[in-house]
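Structure at a glance
Letter by letter, the chains look like this.
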Amino acid sequence: MKPSMKPETFLLASALLCTLLGLGYPLSCEVCVGDGPSCTGKLQTCAPDEDSCVVVVTETNRKASLAVTSYKGCAKSSECDSGLFGITVNPENYMGSRRRCCQKDGCNQDPLPAFVRNHTENGLRCPSCIAAFTETCTASEEALCVGEETRCVTLSGLVQPAGVKFAVRGCGMETACHTKPGTLVPSGARLFTIKKTSCL
Ligand SMILES: *[C@@H]1O[C@H](CO)[C@@H](O)[C@H](O)[C@H]1NC(C)=O
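Residues numbered from 1 in each chain as written. Predicted model: local features only at pLDDT ≥ 70, side-chain atom pairs only at ≥ 80, totals over all residues. Heavy atoms only, no water.

You'll find the protein entered in an unreviewed UniProt entry as UPAR/Ly6 domain-containing protein, with Capra hircus given as the organism. The UniProt entry for the protein carries the following comment under Subcellular location (unreviewed entry): "Secreted". Recorded under Sequence similarities (unreviewed entry), the UniProt text for the protein is reproduced unchanged: "Belongs to the CNF-like-inhibitor family." (UniProt positions renumbered as here; feature names shortened; annotations may be inferred.)

So this is what it looks like as structure tokens:
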């Protein structure tokens, strides 16, 4: 007698196969952006190529105005690094963030511990500048590096919502040297996408 496969069994087997292969079933992630150390939003279905959920908390000092921003959403794992990121242009312009990327439905719901900036100077000095509408900037001053910022870094990318290019040079954490192109750094109402990074 030939064993026949019930439709339910077939569906279950396909679902299992898709899960094993990481195919088909799109991921769902919490999506939100807001001021402060956490934000809450709805679970949303990610695009098929977004295989990670991400949660980011950023502390930004921009023109001497300090802000904490939280962001949750879908991401591609090729554009998502878990860990700390920090860059300093001068005492009135710096950014530090903590990020976690994960690959299960709703895995980005828990808030992250706050990013705590280490303000202690570590002795390194880096050429620094910040500019919009350009991919490079000429260093006009010297940044005093703090905490774990042990590298001189050059970054460029795009700022949303306007989609304008930006360039930054300054002190950076080692992780800033290896930031994956496409990494998002939320900051207030802006969303920076890092396209290129290099360290001296
Ligand atoms: C802050 O940074 C300084 C200089 O790099 C370092 O000596 C110190 O251990 C750091 N403190 C903390 C709490 O990480």
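Read on for the rest.
1. Focus: the site of the ligand
As a structural note, the neighbourhood of the ligand is formed by N118, T120, N122, G147 and E148. Note that an oxygen atom of the ligand is positioned 2.4 Å from one of the side-chain N or O atoms of N118. In this structure, G147 approaches the ligand through a main-chain N or O atom, which is 2.9 Å from an oxygen atom. Taken by itself the ligand offers 370 Å² of open surface, and the protein chains cover 39% of this. Of the residues that constitute the shell around the ligand, the class distribution is no nonpolar, four polar and one charged. (Near = heavy atom within 4 Å. Polar contact = N/O pair within 3.5 Å; in protein donor to acceptor, adjacent residues only side chain to side chain. Areas by Shrake-Rupley, 256 points an atom, 1.4 Å probe, with all protein chains shown as cover. Nonpolar A, V, L, I, M, F, W, Y, C, P; charged D, E, K, R; others polar.)

2. Considering the state of the cysteines
Such a bond, covalent and formed between the sulfur atoms of two cysteines, is termed a disulfide. In this structure the tally under the stated criterion is nine disulfides. What pairs with C46 in a disulfide is C74, and their sulfur atoms sit 2.0 Å apart. Measuring handedness by torsion sign, the sulfur bridge of C46 and C74 sits at about -80° and is left-handed. Placement of C46 in the loop between β2 (42-45) and β3 (52-62) and of C74 in strand β4 (residues 65-75) is noted, with a sequence separation of 28 residues between them. An identical accessibility class is assigned to C46 and C74; each is buried. Linked covalently through their sulfurs, C126 and C152 form a disulfide whose S-S length is 2.0 Å. (Disulfide = S-S within 2.5 Å. Helix = DSSP H or I, 4+ residues; strand = E, 2+ residues; numbered from the N terminus. Buried < 20%, exposed > 50% of the residue type's maximum accessible area, 1.4 Å probe, protein only.)

3. Some words on the side chain of S128
Considering the arrangement of structural elements, one finds S128 in strand β7 (residues 121-132). With relative accessibility at 0%, the residue S128 sits in the buried group. Engagement of the side chain of S128 in a polar contact is seen with the backbone oxygen of V89, the distance being 3.0 Å. Setting aside anything within four residues of it in sequence, one finds S128 in contact with V89, A139, S140, E141, E142, A143, R169 and G170. (Contact = heavy atoms within 4.5 Å.)

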